[in-house]
Amino acid sequence: MTGSRKAAWIIGAIVAFDLLFLALPTLVVLVASFTPGTIITFPPPGFSLRWYADLLQARDFADALWRSLQVGLVCTALSLPAGTLAALALARFRLRFATGLQIYLLLPFTIPLVVSGVGLMLVFGRLGWLGAVWPVGVAACVINLPFMIWAVAASVNHLDPDLENAAANCGAPPVHSFFTVTLPAVAPGVLTGALIMFILAVNEFLVSLMLTDARTVTLPVLVYNAIRSIITPDLAAVSVVYVILAVAAIWLLDRLVGLDIFLKSKQG
Amino acid sequence: MASTIHDKGAGRPIGLRLLDLLEAARERLWPARMAALTPWLFLLPAVLLTGLLAAGLIPLLDASLRPLDRATFRLAEDYALGNYATLATRPVYGVIALRTLMAGLVVTAATLALAFPYAWMMVRTPHAWLRKLLLVSLFLPFFIGQVVRAYGWLIILGKQGLLNALLDGLGLPPSSLAFTYTAVLIGLVQYMLPFAVLMLAPALTAVPVEVELASASLGARPFATFRHILLPMARPGIVAAGIVVFTLTLTDFAMPEIMGGGGNDFIASAVYDAFFQLGDAGLGAALGIGLTLVGSAVVGVILAFFGLGTLGYVEGREQRS
């Protein structure tokens with residue numbers, strides 16, 4: 001008995017540490033954003049909304065946020081069909097070269113981001129795509145596509161193939177069957193993947209750093225450039241925008257599919 | 001053809017009519033005799049998108065084989081291995097590579113140690129509220145980008161930061177963690193923790209709780225159950241989490257760049273600097289190719305031993321080793 005009591009204590013202590021460790025940067029940014037001073041000190045000397053007021057005046061931050069949202073939309077719009085269809089194909093059909101295909105589609109994951117960034121910069125340059133915002137969305141889609149495929153594939157692996165057979169048996173032609181049987185069945189995975197892709201794209205930094213210039217700079221790149229010079233509280237207020245986005249995404253995810261989806265076993 | 005779906009009555013819902021239109025278009029563009037190729041059509045967008053990435057490797061490989069001509073400051077016309085020779089002989093790259101590799105090992109070990117109990121409690125707890133708390137605490141930082149989190153850590157570890165305020169309150173001497181290697185490692189572990197937990201959790205779910213209970217009731221101490229039951233049964237998840245954390249650390253740019261203060265660059269920073277500061281695309285490309293090869297080799301070796309694990313998109317006979 002004492003052994004299991006001790007184990008419970010150790011596990012509890014590590015998890016408590018994890019919780020604090022995970023939350024700390026977010027909490028600190030939140031607290032710092034309300035500081036009245038021009039530098040960040042602890043404990044904060046008071047409470048003020050001045051940095052939020054400043055933020056509303058700062059056009060460059062608002063423009064960068066808008067561009068980041070555009071990047072998120074382009075990325076989601078592309079990865080939604082591409083990732084869903086690929087996951088369906090991989091999971092539902094016996095394909096030749098299936099292992100090779102999986103390895104190829106894992107390339108975005110095996111190629112280091114800095115290499116992907118430079119490579120995409122060269123390819124986009126040749127295609128004449130540099131200097132606009134939408135190609136950053138394409139790039140975000142390319143480098144994060146495995147997350148979309150993973151999310152949908154997890155749902156497909158749980159899908160009963162007899163449903164589609166039954167639909168076909170009852171005379172449903174392929175497009176009908178796809179939209180009324182297959183897609184609703186994998187909807188949790190599709191929604192989860194789409195949400196994750198949007199958030200990842202809005203946060204995308206390293207590849208954006210190489211694909212954007214002063215006119216197309218996205219929010220994470222702008223924050224990065226600002227951190228490099230001097231750490232001021234206005235950045236904390238900008239960061240809170242990301243905290244709000246994250247909270248909204250988690251709330252949506254929980255409402256639409258339930259966060260428990262990530263606990264499901266693949267064999268299940 | 002007597003099924004209701006083909007009854008084209010006036011009462012047919014608008015949604016189904018739309019599907020009828022799509023079906024007719026499909027019949028024209030993709031007739032039934034093409035059905036065998038349908039999976040390949042499904043794969044096409046993803047293959048093309050990933051192709052943009054693959055295409056980017058070609059000019060990189062090309063540039064890596066062309067040393068910079070110092071006289072004209074352009075890449076050489078003829079292929080040579082000069083860039084790779086530079087990498088092998090310039091000690092600074094050895095130092096950077098070693099620093100990056102060390103970080104990969106330390107961060108992977110620390111992250112797995114912190115993530116395993118978290119994932120276990122998330123999967124096993126009987127309390128719904130605790131599971132929800134653990135899930136939300138995991139996703140909040142996961143959904144907040146690396147730059148913002150690094151900024152948070154700078155506020156914590158900085159000279160007038162939270163840590164020094166706490167140390168001061170306790171009457172202890174101030175620390176100077178900001179812009180050190182340790183700071184980079186702390187930031188990286190925090191960044192990787194959600195990835196690791198999310199890869200471990202499904203693997204732990206696959207271990208029936210009864211097996212753990214049986215082990216305990218047969219007299220195994222908790223550590224023995226962990227060592228002989230949980231660890232081997234959750235291996236696919238541990239391998240996947242380890243690979244993800246190790247490769248992401250090996251190739252990370254933002255944390256060492258922001259938290260390291262310029263003196264703790266990783267390989268990715270060296271690649272970036274070669275391209276955008278030194279203006280030596282050949283050297284940068286060689287560094288990038290080298291980093292890709294090292295990363296792929298590590299992943300390849302681990303996969304050869306353990307199979308695609310939870311990293312593969314689908315469970316199938318082909319994927320099991």
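Residues numbered from 1 in each chain as written. Chains lettered and ligands numbered in written order. Predicted model: local features only at pLDDT ≥ 70, side-chain atom pairs only at ≥ 80, totals over all residues.

**Describing the overall build of chain A**
Here is the rule: For the purposes of this entry, the term helix denotes a DSSP run of H or I that reaches at least four residues, the term strand denotes a run of E that reaches at least two, and both are numbered from the N terminus. As a rule, residues whose C-beta atom has 12 or fewer other C-beta atoms within 10 Å are exposed, those with 20 or more are buried, and those in between are partly exposed; C-beta atoms are placed from the backbone. It is the C-beta atoms, placed from the backbone, that decide contacts: two residues are in contact if theirs lie within 7 Å.
Secondary structure assignment for chain A yields 12 helices and zero strands. Each helix and strand of chain A, ordered N terminal to C terminal, gives the series α-α-α-α-α-α-α-α-α-α-α-α. For chain A, the spread of C-alpha atoms along the three principal axes comes to 70 × 70 × 30 Å. Within chain A, buried positions represent 50% of all 268 residues. For chain A, contacts bridging at least 24 residues in sequence account for 78% of all contacts bridging at least 6.

**Points about the overall build of chain B**
Counted only if it meets this: As a reference, a globule follows 2.2 Å times the number of residues to the power 0.38, and the radius of gyration itself is taken over C-alpha atoms.
Across its full length, chain B holds 14 helices and two strands. Since a compact globule built from 321 residues should have a radius of gyration of about 20 Å, the 26 Å found for chain B marks it as more spread out than a globular shape. Taken along the three principal axes of its C-alpha coordinates, chain B extends 80 × 70 × 40 Å. In chain B, which comprises 321 residues, the proportion classed as buried is 45%. Restricting to contacts in chain B with at least 6 residues of sequence separation, those with at least 24 account for 70%.

**Points about the interface of chain B and chain A**
By a widely used convention, the size of an interface equals the accessible area lost when the partners come together. Selection rule: Residue polarity is assigned by list, with Asp, Glu, Lys and Arg as charged and Ala, Val, Leu, Ile, Met, Phe, Trp, Tyr, Cys and Pro as nonpolar; anything else, Gly included, falls into the polar class.
Counting residues at the interface gives 87 residues for chain B, matched by 93 residues for chain A. For the side of chain B that touches chain A, the residue count by class is 59 nonpolar, 21 polar and seven charged.

**Comments concerning the nonpolar core**
Our working rule: Note on terminology: a nonpolar core is any set of buried Ala, Val, Leu, Ile, Met, Phe, Trp, Tyr and Cys residues joined through C-beta atoms within 7 Å.
Residues Ala86 and Ile149 of chain A together with Ala119, Leu200 and Val271 of chain B are the most contacted members of the largest nonpolar core, which totals 181 residues. Looking at which element gives the most residues to this core, the answer is helix H8 (residues 181-205) of chain B, with 17 residues. Apart from residues no more than four positions distant in its own chain, valine 271 of chain B is found in contact with Val114 and Val115 of chain A together with Gly284, Leu287, Gly288 and Leu291 of chain B.

**Focus on helix H11 (residues 219-229) of chain A**
Residues of H11 of chain A that are buried include every one of Leu219, Pro220, Val221, Leu222, Val223 and Tyr224 of chain A, and no others. On its buried face, H11 of chain A sits against helix H3 (59-92), helix H9 (174-203), helix H10 (206-211) and helix H12 (233-256) of chain A together with helix H6 (146-157) of chain B.

**Brief notes about the environment of valine 223 of chain A**
On the secondary structure map, valine 223 of chain A appears in helix H11. In sequence terms valine 223 of chain A and aspartate 18 of chain A are 205 residues apart; their C-alpha atoms lie 26 Å from each other. The contacts of valine 223 of chain A, once residues within four sequence positions are left out, are Leu235 and Val238 of chain A together with Val147, Val148 and Tyr151 of chain B.

**Side note on H8 of chain B**
All names here are of chain B. Put simply, the test is: One less than the residue count of a helix, multiplied by 1.5 Å, gives the span that helix is expected to have. A residue's bend is simply the angle between two axes: one fitted to the seven residues ending at it, one to the seven starting at it.
The terminal C-alpha atoms of H8 lie 36 Å apart, and with 25 residues this matches the ideal 36 Å at 1.5 Å per residue to within 8%. In the structure, H8 departs most strongly from a straight axis at methionine 192, where the bend amounts to approximately 35 degrees and where the proline proline 194 lies between one and four residues downstream. Buried residues dominate H8, accounting for 22 of its 25 residues.

**Structural notes on the confidence of the model for chain B**
Residues and elements named next belong to chain B. Stated precisely, the cut-off is as follows: Confidence scores labelled pLDDT are given residue by residue by the predictor and lie between 0 and 100.
Per-residue pLDDT for chain B averages 87, and the proportion of residues at 70 or more is 93%. pLDDT under 50 marks residues 316-321. Its contacts with residues more than four places away, or in other chains, come to 11 contacts. Both scores are given for the predicted complex: the pTM is 0.90, the ipTM 0.90.

**Some words on the confidence of the model for chain A**
On average, residues of chain A score 89 in pLDDT, and 98% of them reach the 70 mark or higher. Per-element averaging of pLDDT across chain A places helix H8 (residues 161-169) of chain A at the bottom with 83 and helix H6 (residues 113-127) of chain A at the top with 95.

**Here's the deal with the environment of arginine 50 of chain A**
Within the secondary structure, arginine 50 of chain A is located in helix H2 (residues 50-57). Considered as a pair, arginine 50 of chain A and aspartate 234 of chain A are 184 residues apart in the sequence and their alpha carbons are 8.8 Å apart.

**Here we look at unusual backbone geometry**
Located in the positive-phi region is phenylalanine 179 of chain B, a residue other than glycine, with phi close to 65 degrees. With respect to the helices, strands and loops of the structure, phenylalanine 179 of chain B is situated in the loop between helix H7 (162-169) and H8.

**Examining the environment of isoleucine 103 of chain A**
Relative to the helices and strands, isoleucine 103 of chain A is located in helix H4 (residues 98-105). Each C-alpha atom of the pair isoleucine 103 of chain A and leucine 122 of chain A lies 23 Å from the other, and the pair is 19 residues apart in sequence.

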